[in-house]
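Single-letter residue listing:
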Amino acid sequence: MLLSRPLRISDFMRPLEFEKIKKFALGKPTPFLILDLKKIAQNYDELAENFPTAKIFYALKANPNQQVLKTLAKKGSNFDAATIFEIKKLLGLGIPPERISFGNTIKKEIDIEFAYRKGVRIFVTDSVNDLQKIGRRAPGSKIFFRLITEGSGADWPLSRKFGAHPDMIYDLIVKAKKIGLTPFGISFHVGSQQRHIGQWDNSIAQVKYLFSIAKREGINLKAINLGGGFPTNYLQPTQKLKIYAREIKRFLKKNFGTKMPEIFVEPGRMIAGDAGVLVSEVITVARKSATSEIEWVFLDIGKFGGLIETTDEAIKYPIFAEKRLRNLQEVVLAGPTCDSVDVLYENFKYRLPANLREGDRIYFFSAGAYTTSYSAIEFNGIPPLQEYILPN
Ligand SMILES: *Cc1c(COP(=O)(O)O)cnc(C)c1O
């Protein structure tokens, strides 16, 4: 990836907004994440406006902060949970079980029973074993069958681990009905931060095929779950959400015409990503030899502090130094822990001010998703990533 010109803050945030964030961050010990709930609400509204007929299920693994969940619940959002712990958290906030789906295809039988007892009635499956467990513990529930996708085009693919081939899905649909469940719809996830909108086309076409062969068995599937994969604003620009929505709606129309199924979407990153700014500090700057051109900049946050998505440099955050200098140089960015995997960016060279020193603040934009929830609890004794809500 080549960037033709230096990054500008205004490409990602209004400069006044950034001033507000910097002011709030002043004097607080780093590292920490600042979350803007207004932005969470705006992102939800934007998605709802672009998919006016869809039911939105926020995938809370992206950012499970209570305030985020409350903000979305107030907006009318539903929630996709992966574990009983997430389900308990949602119920504890007063969110009714009718607004919760159990979306993980990897579930203990005892957890399925727990969810069912609490009133959850939507489950997702992709294997015979899991389906049988749901059949035993959650009779009559609505079942989504998860189709496998190849994940290409995504910055953070989820391929291979989840979903099954259409032939297997067909068998599961038939079996589900036999064991007293309600075959309800087909789901898929094209991979997170998906850049190729055409990936939805591929999966929607397969869904259409499954709808028609299920019908021959007398089974009327009712819903399609388009998953997550909607983008947030990282270094490399994507199309606008409006374009994603326009294209996806075109694919749906092409396949289903006037017999449109119920539409579900499960955004995570798109809701939380650009609502968070991560504030960190330079611990030290070093060169590996006297003649080395490249400076290593060690920050007080790294992979274990929550930046796991820098693995293979997959997610490239917009990174800004507080020091504003014209004279920029390429650096290696690394984290603070005593593990050699704790290097953030070495192949891709960020350009930061040439005179960076210890104590200088570094801001990671669009860091609201998949950071606090990933942060380790005590590696090298470092506490989990602190999170603040920006006062409005
Ligand atoms: C993680 C996840 C999502 C959210 O994906 P994003 O790409 O962050 O929007 C949605 N659905 C399921 C089943 C997931 O596991």
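Residues numbered from 1 in each chain as written. Predicted model: local features only at pLDDT ≥ 70, side-chain atom pairs only at ≥ 80, totals over all residues. Heavy atoms only, no water.

**Digging into the domain arrangement of the protein chain**
This is how the line gets drawn: Domain boundaries shown here were taken from an automatic or database domain assignment. Contacts between residues were defined by any pair of non-hydrogen atoms, one from each residue, lying within 4.5 Å. Accessible area that two parts lose when put together, with a 1.4 Å probe and added across both, is what the buried area reports.
Here the protein chain is partitioned into domain 1 (9–34 + 273–389) and domain 2 (103–267). Relative to domain 2, the C-alpha centre of domain 1 lies at a distance of 35 Å. Every contact between the two is made by 16 residues of domain 1 and, on the other side, seven residues of domain 2. When domain 1 packs against domain 2, the two sides together hide about 1000 Å² of surface, and 63% of this comes from carbon and sulfur.

**Focus on the pattern of salt bridges**
Where charged atoms from two side chains of opposite charge approach closely, those side chains can pair. Applied cut-off: Here, a salt bridge means any Lys or Arg side-chain nitrogen found within 4 Å of an Asp or Glu carboxyl oxygen. Helix and strand assignments come from DSSP, with helices taken as H or I runs of at least 4 residues and strands as E runs of at least 2, each series counted from the N terminus.
Following the criterion strictly, the structure yields 15 salt bridges and no others. Two residues, Asp274 and Lys39, come together in a salt bridge whose shortest N-O distance is 3.6 Å. On the criterion of sequence distance, the pair formed by Asp274 in the loop between helix H10 (269–272) and strand S12 (276–287) and Lys39 in helix H2 (residues 37–50) is long-range, its members being 235 residues apart. With its nearest N and O atoms 2.9 Å apart, the salt bridge here joins Arg136 to Glu109.

**Examining the site of the ligand**
Selection rule: Whether a residue is near a molecule or strand is decided by its heavy atoms; if any one of them lies within 4 Å of it, the residue is near. Counted as a polar contact is a pair of N or O atoms within 3.5 Å, where, for protein atoms, one must be capable of donating a hydrogen and the other of accepting one, and residues adjacent in sequence contribute only when both atoms are in side chains. Method for areas: the Shrake-Rupley scheme with a 1.4 Å probe, in which residue coverage is limited to the protein chains shown.
If you check the shell around the ligand, you find 13 residues, and the closest are Lys61, His189, Ser192, Glu266 and Tyr370. Residue Arg269 places a main-chain N or O atom 2.9 Å away from an oxygen atom belonging to the ligand. Tyr370 is positioned such that a nitrogen or oxygen atom in its side chain is 2.6 Å from an oxygen atom of the ligand. Computed on the free molecule, the ligand has an accessible area of 390 Å², of which 91% lies beneath the protein chains in the complex.

**A closer look at the packing of H2 against helix H9 (residues 241–256)**
The cut-off we apply is this: Interaxial angle, 0 to 180 degrees, is taken between N-to-C directions of lines fitted to C-alpha atoms, where a helix line uses only the stretch in contact. To sort the angles, those under 35 degrees are grouped as roughly parallel, those over 145 as roughly antiparallel, those from 65 to 115 as roughly perpendicular, and the leftovers as oblique. Each crossing gets its handedness from the near helix: less than a right angle anticlockwise from the far helix is left-handed, clockwise is right-handed. Under the grouping applied here, Gly and all other residues not named as nonpolar or charged are polar, the nonpolar ones being Ala, Val, Leu, Ile, Met, Phe, Trp, Tyr, Cys and Pro and the charged ones Asp, Glu, Lys and Arg.
For the pair H2 and H9, interaxial distance at closest approach is 9 Å and the crossing angle is 30°. Taken together, H2 and H9 sit at an angle that is classed as roughly parallel. Taken as a pair, H2 and H9 cross one another with a handedness that is right-handed. For the pair H2 and H9, contact is made by Glu46, Leu47 and Asn50 and by Leu241, Lys242, Ala245 and Lys249, respectively. The residue inventory of the contact of H2 with H9, partitioned by class, reads three nonpolar, one polar and three charged.

**Brief notes about the nonpolar core**
Here is the rule: Nonpolar cores are built from buried Ala, Val, Leu, Ile, Met, Phe, Trp, Tyr and Cys residues. Side-chain atoms within 4.5 Å join them into one set. Three exposure classes are used, based on accessible area relative to the maximum for each residue type with a 1.4 Å probe and protein chains only: buried under 20%, partly exposed in between, and exposed over 50%.
Core analysis: the biggest nonpolar cluster contains 96 residues, and Trp200, Leu226 and Phe364 have the highest contact counts within it. Residue contributions to this core reach at least three from each of two domains, namely domain 1 (9–34 + 273–389) and domain 2 (103–267). In this view, Leu226 contacts Phe51, Phe188, Trp200, Ile204, Ile248, Leu252, Ile263, Phe264 and Val265; residues no more than four positions away in its chain are not counted. If you look at the next biggest cluster of nonpolar residues, it comprises 15 residues, including Ile34, Tyr363, Phe365 and Leu390.

**Examining unusual backbone geometry**
The residue after Thr30, namely Pro31, is reached through a cis peptide bond having omega 0°. Despite not being glycine, Glu313 has its phi angle at roughly 55°, a positive value. Its location among the elements puts Glu313 in the loop between strand S13 (295–299) and strand S14 (319–321). Classification of Glu313 as buried rests on a relative accessible area of 12%.

**Some thoughts on the sheet that holds strand S4 (residues 100–102)**
How we decide: One requirement defines pairing of two strands: DSSP has to find at least two bridges between them.
Ordered by their spatial adjacency, eight strands build a closed barrel running S2-S3-S4-S5-S6-S8-S10-S11, and the pairing between neighbours is parallel. Across this sheet, the average inter-strand angle for adjacent strands is 30°, counted without regard to direction. Looking at chain direction, strand S3 (residues 78–81) and S4 are connected through three bridges and run parallel. Within the sheet, the bridge partner assigned to Asp80 lies in S4 and is Ser101.

**Points about H9**
Quick note on the threshold: Multiplying 1.5 Å by the helix residue count minus one yields the expected span of that helix.
End to end, H9 covers 22 Å across 16 residues, agreeing with the expected 22 Å (1.5 Å per residue, within 8%). For H9, every residue scored as buried is listed here: Leu241, Tyr244, Ala245, Glu247, Ile248, Phe251, Leu252, Asn255 and Phe256. The inward-facing, buried residues of H9 contact H2, strand S9 (192–194), helix H8 (198–216), strand S10 (223–225), strand S11 (262–265) and H10. Phi turns positive, to about 55°, at Gly257, one or two residues after H9.

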